[in-house]
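# Structural characterization, general
Chain by chain, the residues:
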Amino acid sequence: MSSNTAPAIEDARLSKFEERVQKGDAIEPRDWMPEAYRKHLIRQISQHAHSEVIGMQPEGNWITRAPSIRAKQILLAKIQDEGGHGLYLYSAAETLGISREEMIEQLQTGKAKYSNIFNYPTLTWADIGAIGWLVDGAAIVNQVSLQRTSYGPYSRAMVRICKEESFHQRQGYEIMAMMMKGTPEQREMAQDAMNRWWWPSLMMFGPHDSDSPHSSDAFRWKIKRHSNDELRTKFIDKTVQQAEVIGLTIPDPELKWNEATGHYDHGEINWDEFYRVIQGNGQCNKQRIAHHKKAHNDGAWVRAAAEAYKVKQAVKNN
Amino acid sequence: MANIHELKYTYSLRMADNAWILSHRLSEWCSNGPFLEEDLALTNIALDLIGRAQAFYNYAAELEGKGRTADDLAYRRNERQYYNNLLVEMPNGNFADTIARQLYMSVYEYYFFMSLQNSKDETFAALAAKTLKEVKYHMAHAADWTVRLGDGTEESHEKMQQAINNLWMYTGELFEADETDTALIAQGLGVDNPSLHSLWETHIKNVLEEAKLSLPAANYMQTGGRKGVHTEHLGHMLGEMQYLQRAYPDAKW
Amino acid sequence: MATDTQLDLWEVFIQGRNGSHHMHAGSVHASDKKMALQNARDIYTRRGEGSSIWVVPANSIVASNPDDADMFFDPADDKVYRHPTFYVMPEGAKQI
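Okay, so let's go over this structure. (Residues numbered from 1 in each chain as written. Chains lettered and ligands numbered in written order. Predicted model: local features only at pLDDT ≥ 70, side-chain atom pairs only at ≥ 80, totals over all residues. Heavy atoms only, no water.)

### Describing the pattern of salt bridges
Residue and element names in this part refer to chain A. In total, this model carries 38 salt bridges over all chains according to the counting rule given. Of the charged contacts, one joins Asp136 and Lys78 as a salt bridge, the two residues approaching to 2.8 Å between their closest N and O atoms. Taken together, the residues Asp136 in helix H6 (residues 125–146) and Lys78 in helix H4 (residues 69–94) connect sequence positions 58 residues apart. Judged by relative accessible area, which is 0%, Lys78 ranks as buried. Look at the salt bridges and you will find they share partners, linking Glu59, Lys78, Glu82 and Asp136 into a network. (Salt bridge = Lys/Arg side-chain N within 4 Å of Asp/Glu carboxyl O. Helix = DSSP H or I, 4+ residues; strand = E, 2+ residues; numbered from the N terminus. Buried < 20%, exposed > 50% of the residue type's maximum accessible area, 1.4 Å probe, protein only.)

As structure tokens, this is what we get:
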């Protein structure tokens, strides 16, 4: 191919691609796509998958201490769902030409990120309620929006995930509601969890739109459908009422209803904390990755055995 | 001689304890599995077992008739009041240790619940039929992995054989029959445990053969679970499991 | 140590209930057929979504090339006579 026709073909493909996206067509794995689109998706989907998988740890921290048969059952099923969601998302990313091995390596070497929220510790049982209600609540707002993302496999994964996630937030809220109706110690525990998880939950939506990198391409290509601030506001608006119903106080004295916008205004988010944790200085950053590496390394001989058995069987059957 | 309600209560409690303690062990695998798919598979088995534990605790609570709930039975007894077999409280160890424990237990449960399906107690029979479906899957899962590991790499073969050998001394207890068993067997309510031994051993032997592993030589068999005399491992597990129930006795969760 | 393996990729098709089609549900990793079936069962039928499962090694699937879409699919667009609505029925005819 001569060097002066290549860019022309590329341009034609790009405009055809963008036209399709504008029309609302889904992009499928074998379709031509700009390299930047592919890269953006791999980064976003794998980060999303890693978040689900790393997110199993803070909740897993309480499985063996779950206080009733029912609570244990629900928590275990929920964490299993998170693992399943990680798996759906890894599969979606794999359709873009990256292997699960590579993604795991990127996670373990710090090249790929996961949601910052999981670098916070789960200190009491109420944290399990707060995670389900607030953290999953925040995640769902984002995920619902992503059901209409332009990349087919990602969108299909999100549809499945949203369907399954619908019980997660309810289980968290149920725990909080039950504790708020319980003993003074339980109420105190619930409010304490609220105080610790509220702000990190708001941070989950990412920096303010004015400070958000990667945004413009993501919008043009309809990978992202709503801005960070839009989604954050949506989350706050629906959560305030839920907190009131069960008697929890939102730890933000500046939170108030804004008649003009029809939304809540909130106090300033501590972005120093956000960047500090992202840069590796949260309480659990090292612990989470060490845990992941240990399970991965401990399982290496099992995976090797399964491979070896497969090869032996193939030889035998030939 | 205990009355029939008391006997059935004890029997139900034993089955519940086996499921409850084993489910706890399997739940410890969550986020620690050798790969994501297997992590989820182990959790599925744990969830089957929790469901089973709940059903048998409910029935035990009903038979006892003293107003205790399934949760009271699961969370508010002391070490010496749990009647599970020692095998199920053994720590997870490496993946081969867990698979060996699953193999021994699920094959036993397969024959046990096959027989309990015919119990003259309707609840036992119904729960057994439901459980049996789950156990068949657990058994396939364990047997398939035993074969993969036994006939995989040198390292996996060694680990699997080691696990099979180490847990062997906890298998004898599964086939004991004490006064409770004998009384229930006599009335067509319980399972004739000793009669399952040769079925179980043949089954295990076949799996091990396919896995290129050898059946451990007979040695001394540990016992005590049915009398509430356990290994050191159980106390630690209960300490963790019961923490919230014990620390906040008035709280509802 | 050898490079890591996360086992092979399989595509999973689930039949919701007898009588319906098997539909693509997603993928799983597994080293052999049995494991692929079990993993598919454990991951895609946790909520009673299935009555039958097919698993296929992902590399056994042959897919059409999007660049061939014109030649593959567009020629079918003008064959309107394949659809019942193309035909003009006499007034008053019943059950046809």
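### Here's the deal with the sheet that holds strand S3 (residues 52–57) of chain C
Sheet strands pair by backbone hydrogen bonding; their relative direction is either parallel or antiparallel. Residues and elements named next belong to chain C. Spatial strand order, S2-S1-S3: 3 strands in an open sheet with antiparallel pairing. Pairing within the sheet leaves two strands with one partner each, and these edge strands are strand S2 (22–30) and S3. Here the strands of the sheet are splayed against their neighbours by 30 degrees on average, with no regard to which way each runs. (Pairing = 2+ DSSP bridges. Axes fitted to C-alpha atoms, helices over the stretch in contact; angles between N-to-C directions.)

### Some points on the environment of Thr109 of chain A
Residues and elements named next belong to chain A. Positionally, Thr109 belongs in the loop between helix H5 (100–108) and H6. What makes Thr109 exposed here is its relative accessible area of 56%. A sequence separation of 180 residues divides Thr109 from Ile289, and the C-alpha atoms of the two residues are 8.9 Å apart. A distance of 3.4 Å separates the side chain of Thr109 from the backbone oxygen of Gln106, its partner in a polar contact. (Polar contact = N/O pair within 3.5 Å; in protein donor to acceptor, adjacent residues only side chain to side chain.)

### Here's the deal with empty space enclosed by the protein
Applying the stated criterion to the full structure yields 4 cavities of 30 Å³ or more. In this structure, the largest cavity occupies an estimated 240 Å³ of space. The wall of the largest cavity is formed by 18 residues, among which Val53 and His292 of chain A together with Gly33, Phe35 and Leu36 of chain B lie closest to the centre. Only helix H3 (56–60), H5 and helix H12 (285–298) of chain A together with helix H2 (36–64) of chain B provide two or more residues apiece to the lining of the largest cavity. (1 Å grid on protein atoms, 1.4 Å probe; cavity = no way out; pocket = protein on both sides within 12 Å on 5 of 7 lines; lining within 4 Å. Points joined across faces, edges and corners; volume = space filled by probe spheres on them.)

### Some remarks on the packing of helix H6 (residues 122–150) of chain B against helix H1 (residues 33–44) of chain C
Across the interface, H6 of chain B lies against H1 of chain C with an axial gap of 11 Å and an inter-helix angle of 140 degrees. Taken together, H6 of chain B and H1 of chain C sit at an angle that is classed as oblique. The two elements H6 of chain B and H1 of chain C meet at a crossing, and its hand is left-handed. Each of Tyr137, Ala140, His141, Asp144, Trp145 and Arg148 of chain B in H6 of chain B lies in contact with H1 of chain C, whose residues at this interface are Lys34, Met35, Gln38, Arg41 and Asp42 of chain C. For the contact of H6 of chain B with H1 of chain C, the residue count by class is 4 nonpolar, 2 polar and 5 charged. (Parallel < 35°, antiparallel > 145°, perpendicular 65-115°, else oblique. Left-handed = near helix turned anticlockwise from the far one by under 90°. Contact = heavy atoms within 4.5 Å. Nonpolar A, V, L, I, M, F, W, Y, C, P; charged D, E, K, R; others polar.)

### Points about the side chain of His168 of chain A
Residue and element names in this part refer to chain A. Of note, His168 is situated in helix H7 (residues 152–180). On the basis of relative accessibility, which here comes to 0%, the residue His168 falls in the buried class. Here the side chain of His168 touches Asp81 through a polar contact of 3.0 Å, side chain to side chain. Aside from chain neighbours lying at most four places away, what touches His168 is Lys78, Asp81, Glu82, His85, Gly132 and Asp136.

### A few points about the interface of chain A and chain B
Chain A puts 43 residues into the contact, and the matching count from chain B is 49 residues. Summed over both sides, the interface of chain A with chain B buries roughly 4000 Å², with 68% coming from carbon and sulfur. Counting every contact that joins chain A to chain B gives 2 salt bridges. With a shortest N-O distance of 3.1 Å, Asp151 of chain B and Lys312 of chain A are connected by a salt bridge. In this structure, the connection of chain A to chain B is made through 15 residue pairs in polar contact (both at pLDDT 80 or more). (Buried area = accessible area lost by both parts, 1.4 Å probe.)

### Quick notes on the interface of chain C and chain A
The interface of chain C with chain A comprises 23 residues on the first partner and 22 residues on the second. Across the interface of chain C and chain A, roughly 2100 Å² is buried in total on both sides, 48% from carbon and sulfur atoms. Sorting the residues of chain C by area buried against chain A places Gln6, Arg46 and Arg47 of chain C first, and these three jointly supply 26% of that buried surface. Inspection of the chain C/chain A interface yields 11 residue pairs in polar contact (both at pLDDT 80 or more). The set of elements that each furnish at least two residues to the side of chain C that touches chain A consists of strand S1 (8–15), S2 and H1 of chain C. Residues that form the side of chain C that touches chain A fall into these classes: 9 nonpolar, 7 polar and 7 charged.

### A few points about unusual backbone geometry
The phi torsion at Lys212 of chain B lies on the positive side, around 60 degrees, for a residue other than glycine. Relative to the helices and strands, Lys212 of chain B resides in the loop between helix H9 (197–210) and helix H10 (232–241). A positive phi is found at Leu7 of chain C, a non-glycine position, where the angle reads about 70 degrees. With respect to the element layout, Leu7 of chain C can be found in the segment before S1.

### Here's the deal with the layout of surface pockets
Taken as a whole, the second largest pocket holds about 1200 Å³ of empty space. In terms of lining, the second largest pocket is formed by 36 residues, of which the most central are Arg156 of chain A together with Glu11, His24, Ala25 and Gly26 of chain C. Per-element accounting of the lining of the second largest pocket gives the leading share, 7 residues, to H7 of chain A. When its residues are assigned to classes, the lining of the second largest pocket shows 18 nonpolar, 7 polar and 11 charged.

### Considering the packing of aromatic side chains
Counted by the stated rule, this structure contains 35 aromatic pairs over all chains. Between the aromatic rings of Tyr88 of chain A and Tyr44 of chain C, the centroid separation amounts to 5.5 Å while the plane-to-plane angle is 25 degrees, which identifies the pairing as stacked. Pair noted here: Tyr88 of chain A is in helix H4 and Tyr44 of chain C is in helix H1, and the two residues belong to different chains. Taking relative accessible area as the criterion, Tyr88 of chain A reaches 4% and is therefore assigned buried. Judged by relative accessible area, which is 1%, Tyr44 of chain C ranks as buried. Ring centres of Trp133 of chain A and Tyr173 of chain A lie 5.5 Å apart, and the angle between their planes is 35 degrees; on these two criteria the pair is classed as tilted. Placement of the pair is Trp133 of chain A in helix H6 and Tyr173 of chain A in helix H7, with a sequence separation of 40 residues. Judged by relative accessible area, Tyr173 of chain A falls into the partly exposed class, the value being 22%. Positioned above the aromatic ring of Tyr82 of chain B is the side chain of Arg77 of chain B, whose terminal nitrogen or guanidinium carbon lies 4.2 Å from the ring centre. A cation sits over an aromatic face here: Lys159 of chain B above Trp301 of chain A, 4.9 Å from the ring centre. (Phe/Tyr/Trp six-rings, centres within 6.5 Å; stacked < 30°, edge-to-face > 60°. Lys NZ or Arg CZ within 6 Å of the ring centre and 35° of its normal.)

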